[in-house]
Amino acid sequence: MDFAMRPAVEADLHEIYAIERASFGSTAWPQQMMQTELSPNPNRNYFVALEGDRIVGYAGIGVVDGNHADVMTIAVTAEQRGKGLGRALMNRLISVAAKRGAREMFLEVRADNPVAQGLYESLGFTQIDLRRAYYQPEGIDAVIMRADLSAKVLERAQQAIREPLVLGIESSCDETGVGIVRGNTLLANVIASSMDAHARFGGVVPEIAARAHLESLQPTLRQALRTAGVSLSEIDAIAVTNGPGLAGALMVGVGAAKALAVATGKPIYAVNHLVGHVGVDVLERGEVVTPTIALLVSGGHTSLLLVRDLVSDVELLGETIDDAAGEAFDKVARLLGLGYPGGPVIDQAAATGNPKAVRFPRGLTLPKDMEKHRYDFSFSGLKTAVARWVEVAEAKGEDFSVADVAASFREAVVDVLVTKAVAACLDNNVPRLLLGGGVVANRRLRELAAERCEAAGIELRIPALSLCTDNGAMIAALGAQLIMAGHEPSTLDFAADSTLSVTSIQTS
Ligand code: KG4
Ligand code: ZN
């Protein structure tokens, strides 16, 4: 039997409590206690099992000292007994307990419930104690059971878990993205871009982007559900980018996601856009292999990350101190009269140019910079250097080659990006580099990264371009990873945060 399962939220209290009372009668918890258990608490993980929209079972663990987990409660409705739902809930608890670092798990069960004891035994639990007259007022004994969360027990539990169906919403810049994943599997990735509306300004205009999101969100959402072949009620959780990005643009996505969560009663996960760029790799590789260095390069960001664990440990090694890499392409394309967005047109113009024609400066790569700004980037000096070079050439009335300038500029940007990314891998002893962001479309960047990574023994990962540019699937994928790792949903109190730090993977 295949049941949907998702983390429990406080709004589930009444349905859960009805099952608790029906199942345990006089030994049921007081409702107040159940409410406390369901309120956000880092030491608790509760899940509900669903049949359609209806909650038909729930279970929770407490992980207090990190080493062991206690099953707090588990119950299913009378009609659903004997269909494997208790087992599914237990598998979820085992998996979460192990992922949270617990090495053993304890539970207590009524001595007069041999069916439950049999189930727990089949999952790896054995009796370690008997507490006389533990369940009052009836005076029933409690059988105390313990399981070693060995690799074998964990693997069995994980195989049995149905992966969560997550809808992701992205609106941090000029792409309205809605993606749907089931666990590590991509089901839909629909994007509406307002790029054309920004073209005549030579860069993204925040106000125009925010308005465009408002118009595009509904149709993009509907298209994503259609593509995935699922209905909104089937979704287990909603994930949304809450930063970093353009404040007004982020607010549209955050507002929409919260409204959806309230209207449908689904849990919501507020996630970090940059970490989403890294998490997207699971959709192609099936897992996130860490540690990895990630180089994220787009119109809005240029960041170098050390990802030790996707859902719990991301460190910002460095970032641009002025323009983003994509922004540099856009600005230089503009001054060369090539159009917008700059990346593709410069790539095209550079194809026939000589990258060694002009030696443009490599920002923050001098020995003194490599001490203080080892992993930081600066592209505004480069942009100015190109502008000056063109000015001088024009003043002299020289007939210079745009192809040579484009190729030389591109070489300067790409050289710095790859040099610093490879240094980050070598310095940190991490033999893996993942690229993300729209600039990854750049042909020379791909070529040089492949060359230098191979020479240094670094495994290079470049996701498909549709997953590199801003999209909702990466947000859904990160949300699914958080859920599968047992993270609690966010509350509805989170805000859009344009300068959200990359260390904040999920905003609670
Ligand atoms: O990730 P993305 O789609 O989102 C935003 O930052 O909005 O990245 C867009 C950026 C633009 O700045 C664009 O010029 C740049 O990526 N880009 C490129 C190339 N294609 C797009 N930069 C260099 N070479 C390219 N082929
Ligand atoms: Zn991005």
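Overview of the structure. In this text, all values refer to a predicted model and were calculated from it rather than measured experimentally.

**Regarding the sheet that holds strand 14 (residues 302–309)**
With mixed pairing, the five strands of this open sheet are ordered in space as 15-14-13-16-17. Each edge of the sheet is formed by a strand with only one pairing partner; in this case those strands are strand 15 (313–319) and strand 17 (459–461). Averaged over neighbouring strand pairs, the angle between their axes works out to 20° when direction is ignored. In this structure, strand 14 lies alongside strand 15, joined through six bridges in antiparallel fashion. Its bridge partner being in strand 15, Leu304 is matched across the sheet by Gly318. Of the strands in this sheet, strand 13 (292–297), strand 14, strand 15 and strand 16 (432–436) are in contact with helix 15 (residues 402–427), which crosses strand 13 at around 160°.

**Focus: the nonpolar core**
Core analysis: the biggest nonpolar cluster contains 48 residues, and Ile293, Leu295, Leu304, Phe409, Leu417 and Leu433 have the highest contact counts within it. Those elements that provide at least two residues to this core are strand 13, strand 14, helix 11 (325–335), helix 12 (342–350), helix 14 (380–395), helix 15, strand 16 and helix 16 (443–456). Among all residues touching Leu417, those that are not within four sequence positions of it are Leu295, Val297, Thr302, Ala325, Phe377, Phe379 and Leu445.

**Focus: the site of ligand 1**
Around ligand 1 lies a shell of 21 residues, among which Asp174, Gly299, Asp330, Gly438 and Asn442 are the nearest. One of the backbone nitrogen or oxygen atoms of Gly343 is found 3.0 Å away from an oxygen atom of ligand 1. Between a nitrogen atom of ligand 1 and a side-chain N or O atom of Asp347, the distance comes to 3.1 Å. Protein contacts shield 90% of the accessible area of ligand 1, which totals 550 Å² for the unbound molecule. Taken together, the elements giving at least two residues each to the shell around ligand 1 come down to helix 11 and helix 12. The leading source of residues in the shell around ligand 1 is helix 12, at four residues. Partitioning the shell around ligand 1 into residue classes produces six nonpolar, 10 polar and five charged.

**Section: the coordination of the zinc ion (ligand 2)**
The zinc ion (ligand 2) binds to the protein through His273 (NE2), His277 (NE2), His301 (NE2) and Asp470 (OD); the donor distances cover 2.1 to 2.5 Å. Given four donor atoms and angles of 90 to 157° at the metal, the environment of the zinc ion (ligand 2) is assigned as irregular. Positions of the donor residues of the zinc ion (ligand 2) along the chain correspond to the pattern H-x3-H-x23-H-x168-D. Of this pair, His277 sits in helix 9 (residues 273–279) while Asp470 sits in the loop between helix 17 (465–468) and helix 18 (472–484), placing them 193 residues apart in sequence. We classify Asp470 as buried; its relative accessible area is 7%.

**A closer look at the pattern of salt bridges**
As enumerated under the stated definition, the model contains 28 salt bridges in all. Linking Asp12 and Arg6 is a salt bridge whose minimum nitrogen-to-oxygen distance equals 3.0 Å. For Asp12, a relative accessible area of 4% gives the class buried. Here the salt bridges do not stand alone but share partners, grouping Asp281, Arg285, Arg432, Glu459 and Arg461 into one network.

Scoring rules and cut-offs
- Residues numbered from 1 in each chain as written.
- Chains lettered and ligands numbered in written order.
- Predicted model: local features only at pLDDT ≥ 70, side-chain atom pairs only at ≥ 80, totals over all residues.
- Heavy atoms only, no water.
- Pairing = 2+ DSSP bridges.
- Helix = DSSP H or I, 4+ residues; strand = E, 2+ residues; numbered from the N terminus.
- Axes fitted to C-alpha atoms, helices over the stretch in contact; angles between N-to-C directions.
- Contact = heavy atoms within 4.5 Å.
- Core = buried A, V, L, I, M, F, W, Y, C linked by side-chain atoms within 4.5 Å.
- Buried < 20%, exposed > 50% of the residue type's maximum accessible area, 1.4 Å probe, protein only.
- Near = heavy atom within 4 Å.
- Polar contact = N/O pair within 3.5 Å; in protein donor to acceptor, adjacent residues only side chain to side chain.
- Areas by Shrake-Rupley, 256 points an atom, 1.4 Å probe, with all protein chains shown as cover.
- Nonpolar A, V, L, I, M, F, W, Y, C, P; charged D, E, K, R; others polar.
- Donors = N, O, S within 2.8 Å, 3.2 Å for Na, K, Ca; no water.
- Tetrahedral: all angles 85-135°; square planar, octahedral: opposite > 155°, others 65-115°.
- Salt bridge = Lys/Arg side-chain N within 4 Å of Asp/Glu carboxyl O.

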